[in-house]
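Below are the chains, spelled out letter by letter.
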Amino acid sequence: ERNQADVSEAKSGRTDLIFLIRFRHCCLLRNQRCLLAYLYDRLLRIRALRWEYGSVLPNTIQFHMSAEEVEWFNRYKKSLATYMRSVGGEEGLDLTQDIKPPKSLYIEVRCLKDHGEFEIDDGTTILLKKNSQHFLPRWKCEQLIRQGVLEHVLS
Amino acid sequence: MSDSYFPVVPGLGMEENFLSLDDILMSQEKLPGRAESALPRLAVLLGQGGGSAESVPEGSKLEIPLWLAKGLHDSKRRIISVELPKIYKEAWRTVFSADANVVDLHKMGPYYYGFGSQLLNFENPENPEIAQTDCVCFLQTFIARFRRIMDSSQNAYNEDTSALVARLDELERALFQVGQKGLNDFQCWEKGQASQITASSLVQNYGKRKLAEVDG
């Protein structure tokens, strides 16, 4: 508001106030730039979350996100899912799988924390208790490994 | 997190990237300048005066951040004139041409290269020659230091690199980290860990933070 008052004063003839308006304008622009950069950086990190963590975010992270950011995340998820469905034939291609080139179909994993029961494709359920080791298909475990529940063990 | 998070990189040359956090930090660095005309009411804002109606007299020296200098500087130079900080002046240029590796660029303003490029934006009367000699000097300093950065980044595996990195400015540190990352990735591949799926570093950090919250 102080700027507005000065603007009206300047228009009425006091030309030496122009720089003051300019100065405040610079400050406002600077504040705007810092805010925008901060918000944009948050969006970039949320986008990275989708690739690193999967499509369901834990509550602790969601707690720190604003409502608009949650909505942005959901929309990004949807666009990504639409895109993945359109690529690669009938079923679509899950781009978030196989980030590193796979060497084998089944991998050895060790459980780092209790995660309860886990069902694999042929119907059997596996109980994931801490420190138990299993031999499981790669595509089922990849997400759990990235979330830190399982650990990939190299033999 | 490190794999999928791509922050906005700082701008190259004379333009900054609007959304780049590095550029914002860099443009916060202060420049010496002089007020060309009397600046009413500015004294309070710049922390120099008492009453709100005081003006900064003409010709007084000011230290202003780069973003403010860029905004207040126009081609008629009615408001502010800027001078080069001493690190970019003649005396230091001789130091650089003698041996560029010795200088502690981090202490001299952690954004030596970026800031210097931005200074070309101000049209000083001596600018054409300064710009020329500046560019040459920058390049030479950079080339001289680059070799050492490359050497040390490629050969320091799993060591404490703080001694090496302490004297580099931000641009050089970024280069150093890129080199280190390349080296680490290569070593990973040699050990056969390239195909091992790992938990994302973001998750690991969250895990640690959660423990800290529960404890504290």
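Cut-offs used in this document
Residues numbered from 1 in each chain as written. Chains lettered and ligands numbered in written order. Predicted model: local features only at pLDDT ≥ 70, side-chain atom pairs only at ≥ 80, totals over all residues. Heavy atoms only, no water. UniProt positions renumbered as here; feature names shortened; annotations may be inferred. Pairing = 2+ DSSP bridges. Helix = DSSP H or I, 4+ residues; strand = E, 2+ residues; numbered from the N terminus. Axes fitted to C-alpha atoms, helices over the stretch in contact; angles between N-to-C directions. Buried < 20%, exposed > 50% of the residue type's maximum accessible area, 1.4 Å probe, protein only. pLDDT = per-residue confidence, 0-100. Core = buried A, V, L, I, M, F, W, Y, C linked by side-chain atoms within 4.5 Å. Domains from an automatic or database assignment. Contact = heavy atoms within 4.5 Å.

- Per an unreviewed UniProt entry, chain B goes by the name DNA replication complex GINS protein PSF3 and belongs to Myiagra hebetior.
- Here chain B is described in UniProt, under the heading Subcellular location (unreviewed entry), as follows: "Nucleus".

- As annotated in an unreviewed UniProt entry, chain A carries the name DNA replication complex GINS protein PSF1 and is attributed to Myiagra hebetior.
- Of the comments in the UniProt record for chain A, the one headed Function (unreviewed entry) reads "Required for correct functioning of the GINS complex, a complex that plays an essential role in the initiation of DNA replication, and progression of DNA replication forks. GINS complex seems to bind preferentially to single-stranded DNA."

Description of the sheet that holds strand β1 (residues 30–35) of chain B
All names here are of chain B.
So, point 1. One open sheet holds the three strands; their spatial order is β4-β1-β5, and the pairing between them is antiparallel. The sheet is open, and its two borders are formed by β4 (61–65) and β5 (80–82), each paired with just one other strand. Sheet twist, expressed as the mean angle between neighbouring strand axes with direction ignored, is 45 degrees.
So, point 2. Bridge count for β1 against β4 is five bridges, and the pairing is antiparallel. Residue pairing for β4: L31 is matched across the bridge by I64.

Overview of the pairing of strand β2 (residues 116–119) of chain A
Residue and element names in this part refer to chain A.
So, point 1. Direction of pairing for β2 relative to strand β3 (residues 125–128): antiparallel, over a ladder of four bridges. The partner of E117 across the bridge, within β3, is L127.
So, point 2. Between β2 and β3, which pair antiparallel and follow one another directly, the connecting turn spans five residues, one of which, G123, has a positive phi of 100 degrees.

With respect to the pairing of β1(B)
Residue and element names in this part refer to chain B.
So, point 1. Side chains L31, G33 and A35 of β1 all project onto a buried face; the interleaved residues K30, P32 and R34 project onto a face where none is buried.
So, point 2. Bridge count for β1 against β5 is three bridges, and the pairing is antiparallel. By the bridge assignment for β5, G33 is matched with V82.

A closer look at the confidence of the model for chain A
Any segment with low pLDDT has predicted coordinates that should not be analysed in fine detail.
So, point 1. Residues with a pLDDT of 70 or more make up 79% of chain A, whose mean pLDDT is 75.
So, point 2. Helix α1 (residues 2–11) of chain A is the least confidently modelled element of chain A, averaging 57 in pLDDT, while helix α4 (residues 67–86) of chain A averages 86, the highest of any element.

Side note on helix α5 (residues 112–119) of chain B
So, point 1. The element α5(B) is largely enclosed, with a buried count of seven among its eight residues.
So, point 2. Within α5(B), the full set of buried residues consists of Y112(B), Y113(B), F115(B), G116(B), S117(B), Q118(B) and L119(B).

Some remarks on the nonpolar core
So, point 1. Membership of the largest hydrophobic core comes to 27 residues, with the highest contact counts inside it found for L31(B), L68(B), Y88(B), F96(B), Y112(B) and F115(B).
So, point 2. Looking at this core, the element that brings in the most residues is helix α3 (residues 66–72) of chain B, giving five residues.
So, point 3. Of the residues that make up this core, three or more belong to each of domain 1 (7–83) and domain 2 (84–193) of chain B.
So, point 4. Dropping the residues within four chain positions of it, F96(B) is found in contact with I87(B), V103(B), L105(B), Y112(B), C137(B) and T141(B).
So, point 5. The next biggest cluster of nonpolar side chains, apart from the first, holds 13 residues, and it includes I107(A), V109(A), L136(A) and L144(A).

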